[in-house]
Amino acid sequence: LAADAAKLTPPKDVALKEQISYRELHRWVARRKSKTGRCSLCSTSGRTDWANLSHTYQRDLGDWAELCRKCHKAHDADAGAPATELFGWKQVQNG
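First, a word on what this report is: a plain description of the structure on this page. (Residues numbered from 1 in each chain as written. Predicted model: local features only at pLDDT ≥ 70, side-chain atom pairs only at ≥ 80, totals over all residues. Heavy atoms only, no water.)

1. Side note on helix α3 (residues 69-78)
Among the residues of α3, those classed as buried are C71, H72, H75 and D76. Seen along its axis, α3 keeps its buried residues to an arc of 130°; they face one direction. Facing away from the buried side of α3 by over 90 degrees, the exposed positions are K70, A77 and D78. (Buried < 20%, exposed > 50% of the residue type's maximum accessible area, 1.4 Å probe, protein only. Helix = DSSP H or I, 4+ residues; strand = E, 2+ residues; numbered from the N terminus. Arc of directions from axis to C-beta.)

Okay, structure coming up:
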C-alpha cells in the first residue's frame with residue numbers, strides 16, 4: 001500500500017485489464033469476506049485492510065487476512081512490496 005501522500009500508477013504500456021487487476025482483486029475479496037474491524041495478527045480494533053498472505057494475489061479467500069495498517073505494512077515490507085513489482089506499478093507523489 002502506498003502512503004497517504006502517494007498513489008500507485010500503472011506503467012503506460014499495461015493494458016486496462018491489467019491496470020485494474022490489483023484493485024479489482026481487493027474488491028473481489030471485500031465482496032466475499034466480511035470485515036470485523038479487528039486485526040488478525042495483533043487484535044487491535046480500528047481501520048483494517050485486506051492483505052494477501054502469500055503475496056501471489058490469487059483468487060483464494062483463504063490467502064487473505066484482515067490486518068491493521070501497521071501489521072499490513074510490516075507484512076508487505078517483509079516481502080519487499082511484491083504487489084508493486086508484480087503489477088508493474090510505480091509509487092509517485094501526488095501533485
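Having seen it, we continue.
2. Digging into the pattern of salt bridges
Scanning the entire structure with this criterion turns up two salt bridges. Here R27 ties to E24 by a salt bridge, and the two come within 2.7 Å at their closest N and O atoms. Of this pair, R27 and E24 both sit in helix α2 (residues 21-32), three residues apart, which is roughly one turn of that helix. Note on R27: relative accessible area 44%, which makes it partly exposed. For E24, a relative accessible area of 29% gives the class partly exposed. R69 is paired through a salt bridge with D49; the nearest N and O atoms lie 2.7 Å apart. Taken as a pair, R69 in helix α3 and D49 in strand β2 (residues 48-52) lie far apart in primary sequence, 20 residues in all. A relative accessible area of 27% places R69 in the partly exposed class. (Salt bridge = Lys/Arg side-chain N within 4 Å of Asp/Glu carboxyl O.)

3. Re the environment of W64
Within the element layout of this structure, W64 appears in strand β3 (residues 64-68). In this structure W64 comes out as buried when scored by relative accessible area, which is 3%. Distance in space between the C-alpha atoms of W64 and A51 is 5.5 Å, their sequence separation being 13 residues. Here Q58 takes part through its backbone oxygen, which lies 3.3 Å from a polar atom of the side chain of W64. (Polar contact = N/O pair within 3.5 Å; in protein donor to acceptor, adjacent residues only side chain to side chain.)

4. Some words on the packing of aromatic side chains
This structure, assessed with the given rule, holds two aromatic pairs. Consider the rings of Y22 and Y57, whose centres lie 6.1 Å apart with planes at 50°: the pair is tilted. Here Y22 is found in helix α2, whereas its partner Y57 is found in the loop between β2 and β3, with 35 residues between them in sequence. Side by side, Y22 and Y57 carry an identical accessibility label, which is buried. On the basis of an interplanar angle of 75° and a centroid distance of 6.1 Å, the ring pair of Y57 and W64 is categorised as edge-to-face. (Phe/Tyr/Trp six-rings, centres within 6.5 Å; stacked < 30°, edge-to-face > 60°.)

5. Overview of unusual backbone geometry
Most peptide bonds are trans, and most residues other than glycine sit at a negative phi. Here S43, not a glycine, exhibits a phi torsion of approximately 70°, which is positive. Mapping S43 onto the fold places it in the loop between α2 and β2. By relative accessible area, which is 40% here, S43 ends up partly exposed. Residue Y57 is not a glycine yet carries a positive backbone phi of 55°.

The analysis is restricted to geometry; functional conclusions fall outside its scope.
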